[in-house]
Structures are given as structure tokens and as C-alpha cells.
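The lines below spell out each chain.
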Amino acid sequence: MTTTLIIILVLVLIALAGWAIAELKYKSLDYQASETEKQAEQQAVDAAREADFDEKGIKEVIETISTKGFKAAE
């Protein structure tokens with residue numbers, strides 16, 4: 001019985017240590033988008049606007065979404 005509890009405790013400690021290391025790595029990263037990435041993103045936005053892309057807000061999506069399930073296909 002105690003062996004099982006020790007094993008579980010060790011596994012939890014290993015998981016917590018791994019989580020802490022991952023958090024520290026994440027916080028140490030300082031990502032900045034390069035000019036090339038910014039230009040590519042702007043080109044994608046411009047291309048979408050030229051193709052009459054209409055970005056909808058959440059209220060517009062809810063108004064136009066079908067909630068009929070299988071009845072919507074009939």
C-alpha cells in the first residue's frame with residue numbers, strides 16, 4: 001500500500017517538475033515577428049479583402065448559423 005502511494009507521489013513530482021521547466025522555457029522566449037512575416041501577413045489580408053472576404057462578428061455568425069441539425073439538410 002505504501003509502495004503504491006510512493007510511486008504515485010513520485011510520478012506527481014516528476015509531472016510538476018516537467019511542468020515547471022516548460023513554463024520557465026515559455027517565459028524565457030521573446031518572439032518578435034520579422035519584417036518578412038509582417039509583410040506576408042499584410043499581403044494575405046489584402047488578398048482576402050480583394051476577394052470580397054467579409055469578416056463577421058460573433059453576433060452575425062450566431063444569426064446565420066444553422067441549429068436545425070439533420071433538418072437543415074432536408
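Here, every reference points to the structure presented above.
Residues numbered from 1 in each chain as written. Predicted model: local features only at pLDDT ≥ 70, side-chain atom pairs only at ≥ 80, totals over all residues. Heavy atoms only, no water.

Draft legend 1. Up close: the overall build of the protein. Helices and strands together make up the secondary structure of the protein, namely 3 helices and 0 strands. Beginning at the N terminus, the succession of helices and strands in the protein can be written as α-α-α. Of the roughly 7500 Å² of accessible surface on the protein, a fraction of 63% belongs to carbon and sulfur atoms. (Helix = DSSP H or I, 4+ residues; strand = E, 2+ residues; numbered from the N terminus. Areas by Shrake-Rupley, 256 points an atom, 1.4 Å probe, with all protein chains shown as cover.)

Draft legend 2. Here's a closer look at helix H2 (residues 35-50). The end-to-end C-alpha separation of H2 is 22 Å, in line with the 22 Å expected for 16 residues at 1.5 Å each. Positive backbone phi, at 60 degrees, marks Asp 52, one or two positions downstream of H2. (Expected span 1.5 Å × (residues − 1).)

Draft legend 3. Structural detail: a negative patch on the surface. Together, Asp 54, Glu 55, Glu 60 and Glu 63 make up a negatively charged patch on the protein surface. Taking the relative accessible area as the measure of exposure, Asp 54 reaches 57% and is therefore exposed. (Patch = residues over 30% accessible without salt bridge, like charges linked within 9 Å, V, L, I, M, F, W, Y side chains within 5 Å. Salt bridge = Lys/Arg side-chain N within 4 Å of Asp/Glu carboxyl O. Lys, Arg positive; Asp, Glu negative; His and termini not counted. Charge placed at Lys NZ, Arg CZ, Asp CG, Glu CD. Buried < 20%, exposed > 50% of the residue type's maximum accessible area, 1.4 Å probe, protein only.)

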